[in-house]
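Observations on chain architecture
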Amino acid sequence: MLRCLTFPLETFPIKGLMQMDDAVVRAMARWPNVPDVYGWLSLDKRGQWRLKGGTIGNESLREFISRNYLRMPGGSYVFQNGPQRVYVALQYTPWVLSINGTGVLRLHTGAGTTLTGSAWMDEHGALLLATDVGIALVDDRDLEQLSAEMIAPDGKRMSDDQQIDALELLLGAEHRKLKLRWHGQSIDVDFVASGEVSARFEFNPEPRPVS
């Protein structure tokens, strides 16, 4: 049997959402004890919502999920489907960043965000950025554009060969730092092991019911 937990609405941070639906807020207040759902909804590394493993193609449904995507106390993330809480399995991070046509980073929910001055790269070359809503993975389709903005620790531009050498040092045993220059910011890029990301950044990638 699933155990239903209720929390006051003020515990939910709203940053990163486009705008939580008023109808959802009213439903939560009216029916606070609807059983939670696990194992149905997930977020992949490209910021796509997946239902039982299949990509959700309906745009209106994707937008509805994005507007009502929340962090719970304890680090799990949910889609608040009216009065029902649908826990989201995370393929990697709770937020995914992409670069739009004007060169602006946006979250997978469609909302804008602010970088907070730290970045990491894992052993597979995935780039993670600290944002005002938490740790976010850069969509791999935009990774080349950001990688081109990598600079040496002294702030100097590097040739392609120098970038390759610098990335090898970052991902190798020495884990030397790099910098990312983005819209006037100079951001330190450190190494992080992929298996340590959820614990380090305090989120739960695989929520499970409390028995």
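Residues numbered from 1 in each chain as written. Predicted model: local features only at pLDDT ≥ 70, side-chain atom pairs only at ≥ 80, totals over all residues. Heavy atoms only, no water.

**What to know about the environment of isoleucine 151**
Locating isoleucine 151 in the fold gives a position in strand E12 (residues 150–151). A sequence separation of 35 residues divides isoleucine 151 from serine 186, and the C-alpha atoms of the two residues are 8.9 Å apart. Excluding its chain neighbours within four sequence positions, the residues that come into contact with isoleucine 151 are Lys156, Arg157, Met158, Leu178, Lys179, Arg181 and Ser186. (Helix = DSSP H or I, 4+ residues; strand = E, 2+ residues; numbered from the N terminus. Contact = heavy atoms within 4.5 Å.)

**Points about the sheet that holds strand E3 (residues 54–55)**
Strand order in the open sheet formed by six strands is E3-E2-E1-E6-E5-E4, with mixed pairing between adjacent strands. Single-partner strands in this sheet number two, and they are E3 and strand E4 (69–71). (Pairing = 2+ DSSP bridges.)

**Describing helix H4 (residues 160–171)**
Along its 12 residues, H4 runs 17 Å from first to last C-alpha, staying within 8% of the 16 Å computed at 1.5 Å per residue. Those residues of H4 lying buried are Gln163, Ala166 and Leu170. Around the axis of H4, the buried residues are gathered within 65 degrees of arc, so they sit on the same side. Of the exposed residues in H4, those oriented more than 90 degrees away from the buried face are Asp161 and Glu168. Looking at the packing, one finds that the buried side of H4 touches strand E9 (115–121), helix H3 (143–147), E12, strand E13 (178–182) and strand E14 (185–191). (Expected span 1.5 Å × (residues − 1). Buried < 20%, exposed > 50% of the residue type's maximum accessible area, 1.4 Å probe, protein only. Arc of directions from axis to C-beta.)

**Digging into the nonpolar core**
The biggest cluster of nonpolar side chains holds 50 residues, and the ones touching the most others in it are Leu127, Leu129 and Val189. Leucine 127 has contacts with Ala119, Trp120, Met121, Ala136, Leu137, Val138, Leu143, Leu146, Met150 and Val189, leaving out every residue within four places of it along the chain. By size, the runner-up hydrophobic cluster in this structure holds five residues, among which are Tyr38, Leu70, Val78 and Tyr87. (Core = buried A, V, L, I, M, F, W, Y, C linked by side-chain atoms within 4.5 Å.)

**Focus: the environment of tryptophan 182**
Among the secondary structure elements, tryptophan 182 is positioned in strand E13. For tryptophan 182, a relative accessible area of 8% corresponds to the buried category. Spatially, the C-alpha atoms of tryptophan 182 and leucine 115 are 9.4 Å apart, while their sequence positions differ by 67 residues. When sequence neighbours within four positions are dropped, the list of residues in contact with tryptophan 182 reads Ile99, Gly103, Leu105, Leu115, Gln145, Leu146 and Glu149.

**With respect to the pattern of salt bridges**
Summed over all chains, the structure comprises seven salt bridges. Salt-bridge contacts for arginine 46 lead to aspartate 140; the nearest nitrogen and oxygen are separated by 2.8 Å. Of this pair, arginine 46 sits in the loop between strand E1 (37–43) and strand E2 (49–51) while aspartate 140 sits in the loop between strand E11 (134–138) and H3, and the two are 94 residues apart along the sequence. With relative accessibility at 37%, the residue arginine 46 sits in the partly exposed group. (Salt bridge = Lys/Arg side-chain N within 4 Å of Asp/Glu carboxyl O.)

**Things to note about the sheet that holds E11**
Spatial ordering of the open sheet is given by E8-E7-E11-E10-E9-E14-E13-E12, a layout of eight strands whose pairing is mixed. One side of each edge strand has no neighbouring strand; the edge strands of this open sheet are strand E8 (105–107) and E12. Pairing of strand E7 (residues 95–99) with E11, which is carried by three bridges, proceeds in the parallel orientation. If you follow leucine 97 over to E11, its bridge partner there is valine 138. Along the sheet, H4 makes contact with E9, E12, E13 and E14, crossing E14 at roughly 50 degrees. (Axes fitted to C-alpha atoms, helices over the stretch in contact; angles between N-to-C directions.)

**Some details on the pairing of E11**
Counting buried residues along E11, four of its five residues qualify, which places the element largely inside the surrounding structure. Once strand E10 (residues 127–131) ends, the chain turns through two residues before running back antiparallel as E11.

**Digging into the pairing of E1**
Sheet faces and side chains relate simply in a regular strand, where the side chains alternate between the two faces. E1 sits mainly inside the fold: five of its seven residues count as buried. Pairing of E1 with strand E6 (residues 84–90), which is carried by four bridges, proceeds in the parallel orientation. Bridge pairing links leucine 41 to valine 88 in E6. Strand direction decides the pairing type here: E1 and E2, joined by three bridges, are antiparallel.

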